[in-house]
Amino acid sequence: MDARLPAHLEVSGLIRSAEAAGGFGMVLSKGERDAGTIMLVLLENGRDARAYERMPQLDGTRAWHCTRRENPAERLAFSEYVARRGEQDPDLWVVELDVAKPERFIGHGE
């Protein structure tokens, strides 16, 4: 069985890690305290927003995947996507991290 860290602790750790690296993190929307899912909105200097969510894998684990990238010509569409996801899942935490190379905090070397 995959032991999960309570969502509020994981969110707090991600925000503190971004801040320790000279960036910024904030909760845009709170979800269920312990078992909530997390969507990360990753930015670098306020640009190039990417939404990451965990997706189930064949081996039973859950890995972070980019589910949406902001198109600079259609910024509103990205914001609408994030809002829609929050409406679909009331347990969802939406967390913004604005820091250099934010994917490193979720195990991606991008």
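Residues numbered from 1 in each chain as written. Predicted model: local features only at pLDDT ≥ 70, side-chain atom pairs only at ≥ 80, totals over all residues. Heavy atoms only, no water.

Caption draft 1: Layout of the sheet that holds strand 4 (residues 62-69). Taken together, five strands build an open sheet; the order of strands is 1-5-2-3-4 and the sheet is mixed. Of all the strands in the sheet, just strand 1 (24-29) and strand 4 have a single pairing partner and so form its edges. Going from strand to strand, the sheet's axes swing by 25° on average, the running direction of each strand aside. Direction of pairing for strand 2 (residues 38-44) relative to strand 5 (residues 93-98): parallel, over a ladder of six bridges. Opposite I38, over in strand 5, you have W93 as the bridge partner. Sheet contacts for helix 2 (residues 75-88): strand 2, strand 3 (47-56), strand 4 and strand 5; angle to strand 3, the most-contacted strand, approximately 30°. (Pairing = 2+ DSSP bridges. Helix = DSSP H or I, 4+ residues; strand = E, 2+ residues; numbered from the N terminus. Axes fitted to C-alpha atoms, helices over the stretch in contact; angles between N-to-C directions. Contact = heavy atoms within 4.5 Å.)

Caption draft 2: Inspection of the nonpolar core at higher detail. Counting residues in each nonpolar core, the largest one holds 15 residues, and the members touching the most others are I38, L40, V95, L97 and I106. Of all the elements in the fold, those that place two or more residues in this core are helix 1 (7-20), strand 2 and strand 5. Top element by residues in this core is helix 1. It accounts for five residues. In this view, I38 contacts A7, E10, V11, Y52, E53, R54, W64, L92, W93 and V95; residues no more than four positions away in its chain are not counted. (Core = buried A, V, L, I, M, F, W, Y, C linked by side-chain atoms within 4.5 Å. Buried < 20%, exposed > 50% of the residue type's maximum accessible area, 1.4 Å probe, protein only.)

Caption draft 3: The environment of V95, seen in detail. On the secondary structure map, V95 appears in strand 5. Assessed through its relative accessible area of 0%, V95 is described here as buried. For the pair V95 and G25, spaced 70 residues apart in the sequence, the C-alpha separation amounts to 7.2 Å. Excluding residues that lie within four positions of it along the chain, V95 makes contacts with V11, I15, M26, L28, I38, M39, L40 and V41.

Caption draft 4: Summary view of helix 2. Between its first and last C-alpha, helix 2 extends 21 Å over 14 residues, near the 20 Å set by a 1.5 Å rise per residue. Regarding helix 2, the residues found buried are F78, Y81, V82 and R85. Angular distribution of buried residues about the axis of helix 2 spans 95°; they occupy a single face of the element. Turned more than 90 degrees away from the buried face of helix 2, the exposed residues are L76 and E87. Buried-residue contacts for helix 2 involve strand 2, strand 3, strand 4 and strand 5. (Expected span 1.5 Å × (residues − 1). Arc of directions from axis to C-beta.)

Caption draft 5: Geometry of a nonpolar patch on the surface. Side chains of F24, M26 and L28 sit close together on the surface and give an oily, nonpolar patch of about 260 Å² of accessible area. In this fold, L28 is placed in strand 1. (Patch = residues over 30% accessible without salt bridge, like charges linked within 9 Å, V, L, I, M, F, W, Y side chains within 5 Å. Areas by Shrake-Rupley, 256 points an atom, 1.4 Å probe, with all protein chains shown as cover. Salt bridge = Lys/Arg side-chain N within 4 Å of Asp/Glu carboxyl O.)

Caption draft 6: Representation of the environment of E10 within the structure. Position of E10 among the secondary structure elements: in helix 1. Once residues within four sequence positions are removed from consideration, E10 is found in contact with L5, I38, R54 and W64.

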